[in-house]
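Geometric and topological summary
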Amino acid sequence: MKFYYSLFKKQIPLLLVDIFCLMVDVALEMAQPFLMAIILDEGIKKQDFNIIWIVSAIMLAMAIVAILFSVLAMNCSVKIANRFCYDIRKQIFHKIQTFSFKNIDEFEVPSLITRITSDVNIIRQMMTMVTRAGLKVPLMMIVGSVFMFIYNLKLAAIVLAVCVVLCFSIIFIIYRSSPKFQKMQVALDDINQVIEEDIDGIRVVKSFVREDHEINKFQTKNDRLMNLGIRAFQVSSINIPLILFGANICNALILGLGGIDVAKGTSFTTGRLSSFVNFSTIVLMAFNMVSGIAINISRSSACFKRLNQIINVKIDIPYEKKEKTDDFDPSVINDGSVEFIDATFSYSNDKEKLAVGPVNMKVNAGEIIGIVGGTGSGKSSLVSLIPRLYDTLSGQVKVSRRDVKDYDLISLRENIGVVTQKNVLFTGTIRDNIKWGKEDATDEEINAVLKKAQAYDFVHSFNDGLDTLVSQGGTSVSGGQKQRLSIARALIKEPKILILDDSTSALDVETEAKLKKNIYNNEKKMTIFIIAQRISSVMDADKILVLDNGKVDNIGTHEELLKNSSIYRDMYVTQQKGVD
Ligand SMILES: Nc1ncnc2c1ncn2[C@@H]1O[C@H](COP(=O)(O)OP(=O)(O)OP(=O)(O)O)[C@@H](O)[C@H]1O
Ligand SMILES: [Mg+2]
């Protein structure tokens, strides 16, 4: 709540303007039935044309002023709701940016998208309604009720009794519909998941001719969303007929009982009766709006809950500034040496289900470390511990002889270049993408890393060279080109540690050899971790780590491993057969 209040605080001045406009609008609107009674009783009945003309002119003028204030109030409420939701979206997006990999694993990506778009949109609709009608309606109800009681106590009590019955029905409706709205948002997450997966993998879907399967999968989710929507809105929409029914009962009773009073010639005149009908209609219509608002609030409370889950998420690896001491500066990583000391890691924080470890390995600055092992053997998981994409469950990972947790996270990551297994290019030019690694990089620097990554020739064979546009996901370049651009993006950071996670798998052996020659020949003692499926990619490394089911099978040079590791030898022999 504190979070939303801090965002809403900014809108208070505009809210005050909104309230003022609404109060003027209500006062002018509520005066209308009152003036109407004067025309009927003093003008028409007594045939006083002056009163008829003057009062109807006043009514006209008041109507014009009322609409001006009403439009102004509407403007304020639209601005308040949109600005408030703009801030919510901004804060949620910022929060997601601070998420660790583990936090991202907890939420499904499509669910995050639904929350930041659809959920916030429902809150926006609710806010518009509350700031527009939520303030006006109670005022109208109070003023209308006061006038009704002044005009006729008995009839006012009847209207009030109908309102109380309606009130209970609306509470019941909210109680029934609220959980259904929550389910609807979850169903929307599901449908977005299918859409994202399908569109992201549309090429795979097409190449496997799985369109029908995907259509069926989508249809199931779509049916569920439709059915939940029908049920939620069926329940909540009963309120409109219910209130109209209440209004009709009131009118019948008012005209029946009030009509008798008028016929008897009491102080309850025709004009007052007509005003009373007007006031009771205003009160009941206001009631209708209140129920709409209440349903909207209950619907958006489901959205607030879902957003709160993001806001309250504990960031397990936060970007916090570490204190500098006399003998240690947490923003300085002296060299690229790495040490794993009994390091274990589990995605589920369960020491029975380790993805990695325990791993013990010492890597000197400037060494080249190959990592091999079957799929799922923990290669990617192990290297993700170095830039703290995940933290160890037990044991330690040291960089430059200090625990990685001692460093400022930003400094640590700035010194480590990671080319992930599923590398992504972002919408923009090739230059923009490479500059991700170094914002102020010059074209000369960019071309130099492109040359190192064996990407210079193909980039400059494009008509637009560095200005060539690549789309999100990098679909306009080939897999191998994308890998080389991703390597260039990491190289431009001039990292002390470079991690290549299966980053050369799409390259032909010759290009890979050239690329490796370029990056291995570094004067700056960059430590390189190279994960590969092909033994030929790692056989010239200083040390090769063989992982088996998360555990270290062996560490050694190519020759040593051929002698000592049956897993390595088997991989080598099988791959050699492929070559022969
Ligand atoms: N985000 C995740 N959440 C939960 N489990 C995961 C996650 N990523 C990987 N795993 C599991 O952890 C284990 C190690 O996976 P990892 O990705 O490190 O293997 P890998 O050796 O890199 O495999 P590959 O050669 O296929 O890339 C596997 O059992 C995998 O199922
Ligand atoms: Mg992997």
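Residues numbered from 1 in each chain as written. Chains lettered and ligands numbered in written order. Predicted model: local features only at pLDDT ≥ 70, side-chain atom pairs only at ≥ 80, totals over all residues. Heavy atoms only, no water.

Section: the environment of V277
Stated precisely, the cut-off is as follows: By the criteria applied, helices consist of DSSP H or I runs no shorter than four residues and strands consist of E runs no shorter than two, each listed in order from the N terminus. Any two residues whose heavy atoms approach within 4.5 Å are treated as being in contact.
Take V277: it is sitting in helix α10 (residues 270-311). Between the C-alpha atoms of V277 and A247, which are 30 residues apart in sequence, the distance is 9.9 Å. Contact partners of V277, with chain neighbours within four places excluded, come to N251, I254 and L255.

Remarks on the site of ligand 1
Let me state the cut-off plainly: We call a residue near a molecule or strand whenever a single non-hydrogen atom of that residue lies within 4 Å of it. Polar contact criterion, stated in full: a pair of N or O atoms within 3.5 Å, where within protein one must be able to donate a hydrogen and the other to accept it, and residues adjacent in sequence count only if both atoms are side-chain atoms. Amino acids are sorted into nonpolar (Ala, Val, Leu, Ile, Met, Phe, Trp, Tyr, Cys and Pro), charged (Asp, Glu, Lys and Arg) and polar (every other residue, Gly among them).
In the neighbourhood of ligand 1, 14 residues make up the surrounding shell, with G376, K379, S380, S381 and Q421 lying closest. A distance of 2.4 Å separates an oxygen atom of ligand 1 from a polar atom in the side chain of S381. Taking Q533, its side chain carries an N or O atom lying 3.1 Å from an oxygen atom of ligand 1. In terms of residue class, the shell around ligand 1 is built from three nonpolar, nine polar and two charged.

Brief notes about the coordination of the magnesium ion (ligand 2)
The condition is simple: Listed donors are limited to N, O and S atoms within 2.8 Å of the metal, widened to 3.2 Å for Na, K and Ca; water is not among them, so incomplete-looking sites are possible. Relative accessibility under 20% of the residue-type maximum defines a buried residue, over 50% an exposed one, and the middle range a partly exposed one, all with a 1.4 Å probe and only protein chains included.
For the magnesium ion (ligand 2), every protein donor is listed as S380 (OG) and Q421 (OE1), and the spread of their distances is 2.0 to 2.2 Å. Taken as a pair, S380 in helix α11 (residues 379-383) and Q421 in the loop between β6 (416-419) and β7 (428-429) lie far apart in primary sequence, 41 residues in all. Given the relative accessible area of 27%, S380 is considered partly exposed.

A short note on the domain arrangement of the protein chain
Applied cut-off: How far each domain reaches was decided by an automatic or database domain assignment. Defined in terms of a 1.4 Å probe, buried area is the accessible area two parts forfeit on being brought together, summed over both. Basic side-chain nitrogens of Lys or Arg form a salt bridge, by our definition, when they fall within 4 Å of a carboxyl oxygen of Asp or Glu.
Domain annotation of the protein chain identifies domain 1 (88-311) and domain 2 (338-579). For domain 1 and domain 2, the distance between their C-alpha centres works out to 52 Å. The interface is formed by five residues belonging to domain 1 together with eight residues belonging to domain 2. Summing both partners gives a buried area of about 530 Å² for domain 1 against domain 2, and 53% of it is carried by carbon and sulfur. There are zero salt bridges connecting domain 1 and domain 2.

Regarding helix α14 (residues 443-452)
What counts, and what does not: Think of the arc as the fan of directions from the helix axis to the C-beta atoms.
Of the positions making up α14, those classed as buried are I446, N447, V449 and L450. Taken down its axis, α14 places every buried residue within 165° of arc, on the same side. Lining the buried residues of α14 we find α13 (430-435), α15 (456-461) and α16 (479-491). Remark: Q454 follows α14 within two positions and exhibits a positive phi of approximately 60°.

Quick look at helix α17 (residues 509-520)
Threshold: To estimate the expected span of a helix, subtract one from its residue number and multiply by 1.5 Å.
Here α17 is 12 residues long and its end C-alpha atoms lie 16 Å apart, about the 16 Å a rise of 1.5 Å per residue gives. Restricting attention to buried positions, one finds in α17 the residues T511, E512, L515, K516, I519 and Y520. One side of α17 holds all its buried residues, which, seen down the axis, span an arc of 155°. The exposed set on the far side of α17, more than 90 degrees from its buried face, consists of E510 and K517. Sitting at the head of α17, D508 places a side-chain oxygen 3.1 Å from the backbone nitrogen of E510.

Quick notes on the sheet that holds strand β4 (residues 394-399)
Selection rule: Only strands that DSSP links by at least two bridges are regarded as paired with each other.
The strand order β2-β1-β4-β5 describes an open sheet built from four strands, whose pairing is antiparallel. A strand with exactly one partner marks an edge of an open sheet, and here the two such strands are β2 (356-363) and β5 (402-403). With five bridges joining them, strand β1 (residues 338-345) and β2 adopt antiparallel strand pairing. Following the sheet pairing, V338 is matched in β2 by V363.

Topic: a nonpolar patch on the surface
Rules: Every patch collects residues that have over 30% relative accessible area and no salt bridge, joining them within 9 Å if they carry like charges and within 5 Å if they are nonpolar side chains (Val, Leu, Ile, Met, Phe, Trp, Tyr). Throughout, the Shrake-Rupley method with a 1.4 Å probe supplies accessible areas, and for residues the shown protein chains are the sole cover considered.
Nonpolar side chains collect at one region of the surface, where L60, I64, I67, L68 and V71 lie side by side and expose about 500 Å² of accessible area between them. Mapped onto the fold, L68 is located in helix α3 (residues 49-97). Residue classification places L68 among the exposed positions, given a relative accessible area of 57%.

Concerning the environment of F168
As for its placement among the helices and strands, F168 is situated in helix α6 (residues 153-200). The class for F168 is exposed, based on a relative accessible area of 60%. C-alpha separation for the pair F168 and L68, spaced 100 residues apart in sequence, amounts to 36 Å.

Notes on unusual backbone geometry
The residue S400 is not glycine, and still its phi comes out positive at about 50°. Structurally, S400 is set in the loop between β4 and β5. Of the residues examined, S400 reaches a relative accessible area of 4% and is grouped as buried. Positioned with a positive phi, N549 is a non-glycine residue whose angle comes to about 55°. Note on placement: N549 falls in the loop between β11 (543-548) and β12 (551-556).

Considerations on the side chain of D501
This is how the line gets drawn: Charge assignment in this entry is limited to Lys and Arg as positive and Asp and Glu as negative, and neither His nor the chain termini are counted.
Tracing the chain through its elements places D501 in strand β9 (residues 497-501). For the buried residue D501, which engages in no salt bridge, the nearest side chain bearing the opposite charge is K379, 6.9 Å off.

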